[in-house]
There are 2 protein chains.
Amino acid sequence: MNAAARLFYQGETAHSLFIMLDGWVKLYRLLPCGVEAVVSVLSREDAFGEASAMPGEVYSTGAEAVADSHIMQIDARSLWSAIKENPQLCHALLGASVSRNRALVDQLEQLKSHTGAQRIADFLLGLCKTEHGACTVVLPYDKGLIASWLGLKPETLSRAFKRLQPYGVSISKNRATIKSVERLIRFAEEDPSSSRKDAPLKSSSFTQS
Amino acid sequence: MNAAARLFYQGETAHSLFIMLDGWVKLYRLLPCGVEAVVSVLSREDAFGEASAMPGEVYSTGAEAVADSHIMQIDARSLWSAIKENPQLCHALLGASVSRNRALVDQLEQLKSHTGAQRIADFLLGLCKTEHGACTVVLPYDKGLIASWLGLKPETLSRAFKRLQPYGVSISKNRATIKSVERLIRFAEEDPSSSRKDAPLKSSSFTQS
């Protein structure tokens, strides 16, 4: 599956379950203003398209590969027979759906409570392999997608990245260097209501200008 | 189950599945600033606590009745045996989880694309039993909860209600009168980016002041 390949459209009858083997896929909604709102960015071992387990269901988002990806595609009819033969499969799908649910609630909470800079800090921390000392991470996909996924406008993303400099974060192209992971964790967990600057949601509208 | 009765805490080991027979229950996250972010308000026929179908899982939100409610509570161990005996049950739970998922994505899209007044319009339209002419609806729970559920501060809610007056909506205590449902639908579906006032998310922060 090449980058930019579309797996399904929002509203399309759910025809397949997908399991990520490698790469990145975005799930998104198209907003009335024509902008995409990215609701999930999925990677290895994630399953998506669980709606296909329910005959007649439609996909609630669109899905598109954002990097060259290996994805297993399981046709809905094969899925239904597999579930009949092996009910454990349904249980596994329920587990995947409950996890997605949790990730969506996390995102709602982040949008409601975290500043743009804190959301980026969280994003970078999610890429770090360590909880101590310094860390360099490679941004896994382009900044436009990161912005959309974090609910930021592209220009707000750059400002929010700059706001992380005093906390020891520098960005060069697609590489972020974090001087102290502990310090960034403290910043990400700070109560944003103690500061009026860059309040949650304020900087995050797609359509506000 | 009386109003304000707590069904479970966020992070608690998932011990039961719940099925709403009657009443209202909120699912919520506690934000770092101490405010509750309501992520779902559930009513008759909704199931919640699907995490209890997975041994060892925890609840990702808290749950509390917000009105006197009748709720069926199914102990996790009974649920596991029931699923073993009747795999169709797992399929039904997967359906419930996929629907919740869709509702969360809807909410994310609303937060990212709709103004506060539009979110209230959507909320009122969801209570209307008609798509034509006039309609009077009773607000099903208190305004503080409506505000939190729509991602608005209580004072922003009042302002947003006022913004609906020119569109034929008047509020008196817990009763809303809508002169023309069609007109309100048009307003709810308008592209908010055409107006700079009350841009999406701008009015919706809990902590912004």
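What counts as what
- Residues numbered from 1 in each chain as written.
- Chains lettered and ligands numbered in written order.
- Predicted model: local features only at pLDDT ≥ 70, side-chain atom pairs only at ≥ 80, totals over all residues.
- Heavy atoms only, no water.
- Helix = DSSP H or I, 4+ residues; strand = E, 2+ residues; numbered from the N terminus.
- Rg over C-alpha atoms; globule rule 2.2 N^0.38 Å.
- Buried < 20%, exposed > 50% of the residue type's maximum accessible area, 1.4 Å probe, protein only.
- Areas by Shrake-Rupley, 256 points an atom, 1.4 Å probe, with all protein chains shown as cover.
- Lys, Arg positive; Asp, Glu negative; His and termini not counted.
- Charge placed at Lys NZ, Arg CZ, Asp CG, Glu CD.
- Phe/Tyr/Trp six-rings, centres within 6.5 Å; stacked < 30°, edge-to-face > 60°.
- Salt bridge = Lys/Arg side-chain N within 4 Å of Asp/Glu carboxyl O.
- UniProt positions renumbered as here; feature names shortened; annotations may be inferred.
- Arc of directions from axis to C-beta.
- 1 Å grid on protein atoms, 1.4 Å probe; cavity = no way out; pocket = protein on both sides within 12 Å on 5 of 7 lines; lining within 4 Å.
- Points joined across faces, edges and corners; volume = space filled by probe spheres on them.
- Nonpolar A, V, L, I, M, F, W, Y, C, P; charged D, E, K, R; others polar.
- Domains from an automatic or database assignment.
- Contact = heavy atoms within 4.5 Å.
- Buried area = accessible area lost by both parts, 1.4 Å probe.
- Polar contact = N/O pair within 3.5 Å; in protein donor to acceptor, adjacent residues only side chain to side chain.
- Pairing = 2+ DSSP bridges.
- Axes fitted to C-alpha atoms, helices over the stretch in contact; angles between N-to-C directions.

So, on to the overall build of chain A. Helix and strand counts for chain A come out as 6 helices and 10 strands. At 19 Å, chain A has a C-alpha radius of gyration in line with the 17 Å of a compact globule built from 209 residues. A buried classification covers 53% of the 209 residues belonging to chain A. Summing over all exposed atoms, chain A offers an accessible surface of approximately 9,600 Å²; the carbon and sulfur share of this is 51%. Distance between charge centroids for chain A: 9 Å, based on 24 positive and 22 negative side chains.

Once that is clear, we can look at the packing of aromatic side chains. Residues and elements named next belong to chain B. Scanning all chains against the criterion turns up 14 aromatic pairs over all chains. Where Trp24 meets Tyr141, the ring centres are 5.1 Å apart and the plane angle is 75°; that geometry is what we call edge-to-face. Of this pair, Trp24 sits in the loop between strand S2 (16-22) and strand S3 (25-30) while Tyr141 sits in the loop between strand S8 (135-138) and helix H4 (143-149), and the two are 117 residues apart along the sequence. The class for Trp24 is partly exposed, based on a relative accessible area of 24%. By relative accessible area, Tyr141 is classed as buried at 9%.

This model, assessed by the stated rule, comprises 14 salt bridges over all chains. Look at the salt bridges and you will find they share partners, linking A:Arg29, B:Asp106 and B:Glu109 into a network.

Another point: the UniProt feature "domain: Cyclic nucleotide-binding" (unreviewed entry) in chain A. Within the UniProt annotation, "domain: Cyclic nucleotide-binding" (unreviewed entry) is assigned to residues 1-79 of chain A. Here residues 1-79 of chain A runs as 5% helix and 44% strand, with 21 Å between its end C-alpha atoms.

Residue and element names in this part refer to chain B. All buried positions along helix H6 (residues 181-189) are accounted for by Val181, Leu184, Phe187 and Ala188. Viewed end-on, H6 has its buried residues packed into an arc of 120°, placing them on one side of the element. Among the exposed residues of H6, those oriented more than 90 degrees off its buried face are Arg186 and Glu189.

All right, on to the layout of surface pockets then. Residue and element names in this part refer to chain B. Roughly 890 Å³ of internal volume is contained in the largest pocket. Lining the largest pocket are 34 residues, and of these Trp24, Val41, Phe123, Tyr141 and Trp149 sit closest to its centre. Within the residue set of the lining of the largest pocket, elements represented by two or more residues are strand S4 (36-42), helix H2 (88-113), helix H3 (116-127) and S8. Broken down by element, the lining of the largest pocket gets its largest block of residues, 9 residues, from H2. A breakdown of the residues in the lining of the largest pocket according to their chemical character gives 19 nonpolar, 8 polar and 7 charged.

Turning to the domain arrangement of chain A, a few remarks are in order. Residue and element names in this part refer to chain A. Segmentation of chain A into domains returns domain 1 (6-111) and domain 2 (115-194). Computed over C-alpha atoms only, the centres of domain 1 and domain 2 are separated by 27 Å. Across the contact, 12 residues belong to domain 1 and 9 residues belong to domain 2. Summing both partners gives a buried area of about 880 Å² for domain 1 against domain 2, and 63% of it is carried by carbon and sulfur. Linking domain 1 with domain 2 are 3 residue pairs in polar contact (both at pLDDT 80 or more). Going through the elements one at a time, strand S4 (36-42) and helix H2 (88-113) are the ones with two or more residues in the side of domain 1 that touches domain 2. Residue contributions to the side of domain 1 that touches domain 2 peak at 6 residues, all from S4. Broken down by class, the residue content of the side of domain 1 that touches domain 2 amounts to 7 nonpolar, 3 polar and 2 charged.

On the basis of which strands lie adjacent, the open sheet formed by 4 strands has the order S1-S6-S3-S4 (chain B) and antiparallel pairing. Of all the strands in the sheet, just strand S1 (6-8) and S4 of chain B have a single pairing partner and so form its edges. Averaged over all pairs of adjacent strands, the angle between their axes in this sheet comes to 30°, without regard to strand direction. Contacts from H2(A) reach S3 and S4 of chain B, with the element oriented near 65° to S3(B). Where H2(B) meets the sheet, it contacts S3 and S4 of chain B, and its direction lies at approximately 130° from that of S4(B).

A separate point is the side chain of A:Ser69. Residue and element names in this part refer to chain A. Along the chain, Ser69 falls in the loop between strand S6 (62-65) and strand S7 (70-75). Polar side-chain contacts of Ser69 include one of 2.7 Å to the backbone oxygen of Ala67. Here Ser69 is in contact with Met1, Asp22, Gly23 and Trp24, once residues within four sequence places are set aside.

What follows concerns unusual backbone geometry. With the exception of glycine, most residues fall at negative phi, and the peptide bonds are largely trans. Positive phi, close to 50°, is recorded for A:Lys173, a residue that is not glycine. Notably, B:Glu45 is not glycine yet its phi reads approximately 80°, a positive angle. Among the secondary structure elements, B:Glu45 is positioned in the loop between S4 and strand S5 (47-48). Owing to a relative accessible area of 69%, B:Glu45 belongs among the exposed residues under this scheme.

Once that is clear, we can look at the side chain of B:Ser60. Inspection of the secondary structure puts B:Ser60 in the loop between S5 and strand S6 (62-65). Given a relative accessible area of 19%, B:Ser60 falls into the buried group. B:Ser60 has contacts with A:Arg102, A:Val105, B:Gln10 and B:Arg29, leaving out every residue within four places of it along the chain.

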